[in-house]
Amino acid sequence: MGLFRCALLTSAVLLISSAANAQTTEGTVPKAAEPASAASDVEQLPAVDVVQETPVQKAARAKKAVPVSPLSTAPAPAPKSTGTVAPITVPSAVTTVTDTEIEREGTGSIQQVLQQQVPGIIISDAAGNPMRAEISFRGFDASPVSGRSQGLAVYQNGVRINEAFGDTVNWDVIPSNAIASMSVVSNNPSFGLNALGGAISILMKDGFSYQGAEIDVMGGSFGRRQTGVQAGGASGNAGVYVAGEWAKEDGFRDFSDSEVRRFYGDVGFKGSLAEVHFSLTAADNHFGATAAAPIELLERDWGNTFTSPQTTDLEVFMPTISASVKATDTLNVSGVGYYRRYKNRVVDGNVTEIEECALAGNAGFLCLDPGAEEERVTQLGGGFIEDDDVEEPLGSIERLATDSWSGGGALEGQEKTPLLGRPNLLVAGLSYDHGRSKYRTSSELGTIEDKYVVEGSGIIIGGPEEIAPRDLVSTNTYWGFYFSDAYDVTDRLTVTVGGRYNHATIKLEDQTGLFDELNATNTYERFNPMAGANFKLLPGVSVYGGYSESNRAPTPAELGCAEPDNPCLIESFLTDDPPLDQVVGRTGELGLRGQGYNNGDRFTWSAGLFRTLASDDILPVTNDTGRVYFVNAGDTLRQGVELSATYETRKWNFYASYAFVDATLDTCNDPSGECAFLEAGDRLPGIPRHRFKAGIEYWLTSKWKVGTDLVAASNQPFFPNEAGEGDNLGGYTRVDLNTSYDITDNIQVYGLIKNLFDQKYGLYGTYFEADEVPDLEGGPGATFNDPRTVSPSMPFAAYGGVKVKF
């Protein structure tokens, strides 16, 4: 809370500063640029857009560069002649999402925007809360949930924001109104560890790129209240930008209230030879993340929950400093440094394996896994727990606390000196990231009451060892160096080669003195090469192809929970540290893309094939008692097709995309032929094969716009899809509507409808021990019959708001 108040105070100061210094107002054109001098050479800024923006205006303002590394971009192609444009020259698929597309989504959900605009992305929701949804790109995840198979590297202004402890990605801490663009890049090892499926590079606004001010107030279904503010301006060589978002809602499920408070600010200074920025990202968020619920409960009421409380509270505080220097006419040097403080508190109500002891010698006590190998349960600092100490039915409340402190930086050079008389772009850099995390867990015995709320007894479990409290310190150090060289062999052919060396050291230290097996240091290293080419077939049309390799080191959470004979009661109760191998990805791509103009209308299209083989992929496994551990399951294969097209006129615009993603276990390394309950050829769980997206916007008048978006996905296997014979979570089609009307050039009212046809579908599916859980609503002694549990989608929702720009 204190961090967020500090950010708000900073915001107020910067808002006053930006209002005082801003020289450009809404709808006005800046004064003509004055001749450059040694002391001042500020690029003249464009006029700030009016509230409503036509498609052609949007295209003109779209992101004009493609990320080729965390700190560098390749200049976007400029129009060659009327009606044609030069194609992008990077040898891989790239999709860029603009701030206009983020604004159009309306609710501030970064994940929803990426799902709409990127062919290979689909949303999943293991956390059970729409604000905490995760994205899957070509079958690789960027999730806030520890234990998921993280396979995407995510950067914010050149800073890697995968968290230190589990490589998780907290999308909810970034103010959506502060994002200038998001680029999804595949097939490029320059982005370092975890880029198996690719990388997402997020570029934030600053006072040079955004001028003006905006207030956006919205409300609607499920008690949603939301406010967003942003302001930016430049005066001379200085620019200031600040943005903040606050959102609160009751949620459509029981006990799923959430509150988001997030801030971003930037102070920049720009001269003829150098540019420096100081920025701050801060957030203080609460989520009633109620997770999956048994299908039988959801059939009674779509808002039902199972074993509450399940809440997540997190804080992030991340100041950064970045700079770029024009060292020569052809050499630019850039760098970034950061510090990140991350705090996460999870309260997780659950059913429990603790019951009355079965053996006569243990009569009157509670035991873990009653039976021939049962063990009496002890309370922390006390004796054995008797069966009448806690009322039945028994449950437990797990408490997980993660505190991470991380920091590091990157330094990079971009050299554009021609080679043999031909254009050449050489990029080389190095990065260093160091993190230290303190991780603690405890479990409190309780009673499951009405609506499956676990009421704690105050008795903290001390043993047996499997469920004893944990106190762990992990230290991870990542460093690497990389390069890429793009050479124009001819005016039509660009060849790119490069690579990156990654080195990772992960150290675990048990603080309780009870788990010596956790004390270990693991080191991983690898050089990942890359090569590709882009050939311009016709004006505005090119063919590209490339090959690259990447690697992912196991996270501390995976290393600490990788022993089959001593698995974790839940994925976060770390028990042992057997060595896991790093995952190595090998990706090949081949595709066509084009863009151009037709009588003033703009169009783009692309068609591509991809194939990624992930060797020694790490997958979670649930054993016969429901406990989780991680294994190098074997080689997994993700391959498919991506198609997309857009068309933009002054009156309407349209987009559509289709992706086929076939994700399977390719080879099993276990002599038994079974890996993570999968056999070679089985589909990987949680990944739909087919996903289709489309949308259209139409200007009824110069002030009134209407639009609709559609997302459709085919079925996906439940976790863990045992032997390929598991159930499938059904496919779905979701339709959203949006409309806006400009009352004046500075005031806009708008409306949003999400899930127009009130489709009820699941976003994540897994299993539970149905016959061991009492069905409290089914009467005395009743149990569940269906072991499937699902994270339900949000039903029909409507929102309305007003936006004012200055």
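Note that the structure is a prediction, hence the values are computed from the model and not measured.

### Regarding the overall build of the chain
Secondary structure summary: the chain contains six helices and 44 strands in total. Restricting to contacts in the chain with at least 6 residues of sequence separation, those with at least 24 account for 68%. Total accessible area on the chain is roughly 30200 Å²; 57% of this is exposed by carbon and sulfur atoms.

### Description of the pairing of strand 13 (residues 212-220)
Sheet topology places strand 13 next to strand 14 (residues 224-235); nine bridges connect them, and they run antiparallel. Bridge pairing links glycine 219 to arginine 225 in strand 14. Here strand 13 folds back onto strand 14, and the loop between the two strands holds three residues, one of which, phenylalanine 222, carries a positive phi near 60°.

### What about the nonpolar core?
Membership of the largest hydrophobic core comes to 65 residues, with the highest contact counts inside it found for Leu114, Trp171, Met182, Ile200 and Ile202. Apart from residues no more than four positions distant in its own chain, leucine 114 is found in contact with Val97, Ile121, Ile135, Trp171, Met182, Val184 and Ile200. Residues Ala293, Phe718, Val773 and Met794 belong to the second largest nonpolar core, which totals 24 residues.

### Here we look at the pairing of strand 26 (residues 424-448)
Pairing geometry for strand 25 (residues 394-415) and strand 26, over 22 bridges, is antiparallel. Bridging across to strand 26, alanine 410 finds its partner in serine 431. In this structure, strand 26 lies alongside strand 28 (residues 470-488), joined through 18 bridges in antiparallel fashion. Bridge pairing links arginine 436 to threonine 475 in strand 28. As paired elements, strand 26 and strand 27 (residues 454-463) share five bridges and run antiparallel to each other. Its bridge partner lying in strand 27, threonine 447 is registered against glutamate 455. As consecutive antiparallel partners, strand 26 and strand 27 are separated by five residues, and within that stretch lysine 451 has a phi angle of approximately 60°, a positive value.

### Comments concerning the sheet that holds strand 42 (residues 762-767)
With antiparallel pairing, three strands are arranged side by side in an open sheet as 18-43-42. Taken across any chain shown, the strands that pair with only one partner, and hence form the sheet edges, are strand 18 (293-294) and strand 42. Where strand 18 and strand 43 (residues 788-792) come together, two bridges link them in antiparallel fashion. Bridged to proline 294 within strand 43 is threonine 789.

### A closer look at the sheet that holds strand 22 (residues 366-368)
Hydrogen bonding along the main chain pairs the strands of a sheet, whether they run parallel or antiparallel. One open sheet holds the three strands; their spatial order is 21-22-23, and the pairing between them is antiparallel. Of all the strands in the sheet, the pair left with one neighbour each is strand 21 (354-356) and strand 23 (375-376).

### Re the environment of glycine 106
Take glycine 106: it is sitting in the loop between helix 3 (99-105) and helix 4 (110-117). Along the sequence, glycine 106 and methionine 218 sit 112 residues apart, while their C-alpha atoms lie 9.0 Å from each other.

### Examining helix 4
Helix 4 sits mainly inside the fold: eight of its eight residues count as buried. Within helix 4 the residues assigned to the buried category are Ile110, Gln111, Gln112, Val113, Leu114, Gln115, Gln116 and Gln117.

### Structural notes on empty space enclosed by the protein
Per the counting criterion, the structure on display carries seven cavities of 30 Å³ or more. Volume-wise, the largest cavity comes out at about 490 Å³. Forming the boundary of the largest cavity are 31 residues, of which Thr107, Ser109, Gln112, Pro130 and Met131 lie nearest the centre. Of all the secondary structure elements, the ones that give two or more residues to the lining of the largest cavity are helix 4, strand 14, strand 15 (238-249), strand 16 (258-270) and strand 40 (732-742). With four residues, helix 4 is the largest single contributor of residues to the lining of the largest cavity. Residues that form the lining of the largest cavity fall into these classes: 15 nonpolar, eight polar and eight charged. In this structure, the second largest cavity spans a volume of roughly 170 Å³. Looking at the lining of the second largest cavity, the elements that each hand over two or more residues are strand 10 (159-160), strand 20 (331-351), strand 25, strand 26, strand 28 and strand 29 (493-510).

### Considerations on the packing of aromatic side chains
Tallied over the entire structure, the rule returns 17 aromatic pairs. Relative to tyrosine 767, the ring of phenylalanine 718 lies with its centre 5.4 Å away and its plane at 35°, an arrangement referred to as tilted. Linking phenylalanine 718 in the loop between strand 38 (716-717) and strand 39 (728-729) with tyrosine 767 in strand 42, this pair joins segments that are 49 residues apart in sequence. Judged by its relative accessible area of 28%, tyrosine 767 falls in the partly exposed class. Each residue in the set Phe306, Tyr452, Phe768 and Phe784 is aromatic and connected to the rest through ring pairs, giving one cluster. Its guanidinium or amino end placed over the ring of phenylalanine 140, arginine 638 lies 4.0 Å from that ring's centre, counting from NZ or CZ.

### Things to note about the pattern of salt bridges
Applying the stated criterion to the full structure yields 29 salt bridges. Two residues, arginine 440 and aspartate 403, come together in a salt bridge whose shortest N-O distance is 2.7 Å. On the criterion of sequence distance, the pair formed by arginine 440 in strand 26 and aspartate 403 in strand 25 is long-range, its members being 37 residues apart. Relative accessible area serves as the criterion here: at 5%, aspartate 403 is assigned to the buried category. Here arginine 788 makes a salt bridge to aspartate 786, at a shortest N to O gap of 2.8 Å. The class for arginine 788 is partly exposed, based on a relative accessible area of 24%. On the basis of relative accessible area, aspartate 786 is assigned to the buried category, the value being 17%.

### Quick look at the confidence of the model for the chain
Note that predicted coordinates carrying low pLDDT should not be read in detail. Confidence in the prediction for the chain averages 86 pLDDT; 85% of positions are at 70 or higher. The low-confidence segment residues 569-577 (pLDDT under 50) makes 57 contacts with residues lying over four places distant or belonging to another chain.

### Quick word on the side chain of serine 791
As for its position among the elements, serine 791 is in strand 43. You can call serine 791 buried: its relative accessible area is 0%. A distance of 2.8 Å separates the side chain of serine 791 from the backbone oxygen of aspartate 125, its partner in a polar contact. Residues in contact with serine 791, not counting those within four places in the same chain, are Asp125, Ala126, Gly128, Ala291, Ala292, Tyr761, Gly762, Leu763 and Tyr764.

### Details of the side chain of aspartate 617
One can find aspartate 617 in strand 33 (residues 601-622). When its relative accessible area of 1% is taken as the criterion, aspartate 617 is described as buried. In this structure the side chain of aspartate 617 is engaged in a polar contact, spanning 2.6 Å, whose partner is the side chain of threonine 636. Leave out the neighbours within four places in its chain, and aspartate 617 touches Ser149, Val583, Val631, Asn632, Ala633, Gly634, Thr636 and Arg638.

### A few points about unusual backbone geometry
The linkage connecting serine 308 with the following residue, proline 309, adopts the cis geometry, with an omega of 0°. Residue proline 393 follows glutamate 392 across a cis peptide bond; omega there is -5°. For asparagine 187, which is not glycine, the phi torsion reads 60° and is therefore positive. Within the secondary structure layout, asparagine 187 lies in the loop between strand 11 (179-185) and strand 12 (198-204). Backbone geometry places asparagine 599, a non-glycine residue, at a positive phi of 55°. With respect to the helices, strands and loops of the structure, asparagine 599 is situated in the loop between strand 32 (583-598) and strand 33. Residue asparagine 599 is classed as exposed on the basis of its relative accessible area, which comes to 76%.

About the cut-offs
- Residues numbered from 1 in each chain as written.
- Predicted model: local features only at pLDDT ≥ 70, side-chain atom pairs only at ≥ 80, totals over all residues.
- Heavy atoms only, no water.
- Helix = DSSP H or I, 4+ residues; strand = E, 2+ residues; numbered from the N terminus.
- Contact = heavy atoms within 4.5 Å.
- Areas by Shrake-Rupley, 256 points an atom, 1.4 Å probe, with all protein chains shown as cover.
- Pairing = 2+ DSSP bridges.
- Core = buried A, V, L, I, M, F, W, Y, C linked by side-chain atoms within 4.5 Å.
- Buried < 20%, exposed > 50% of the residue type's maximum accessible area, 1.4 Å probe, protein only.
- 1 Å grid on protein atoms, 1.4 Å probe; cavity = no way out; pocket = protein on both sides within 12 Å on 5 of 7 lines; lining within 4 Å.
- Points joined across faces, edges and corners; volume = space filled by probe spheres on them.
- Nonpolar A, V, L, I, M, F, W, Y, C, P; charged D, E, K, R; others polar.
- Phe/Tyr/Trp six-rings, centres within 6.5 Å; stacked < 30°, edge-to-face > 60°.
- Lys NZ or Arg CZ within 6 Å of the ring centre and 35° of its normal.
- Salt bridge = Lys/Arg side-chain N within 4 Å of Asp/Glu carboxyl O.
- pLDDT = per-residue confidence, 0-100.
- Polar contact = N/O pair within 3.5 Å; in protein donor to acceptor, adjacent residues only side chain to side chain.

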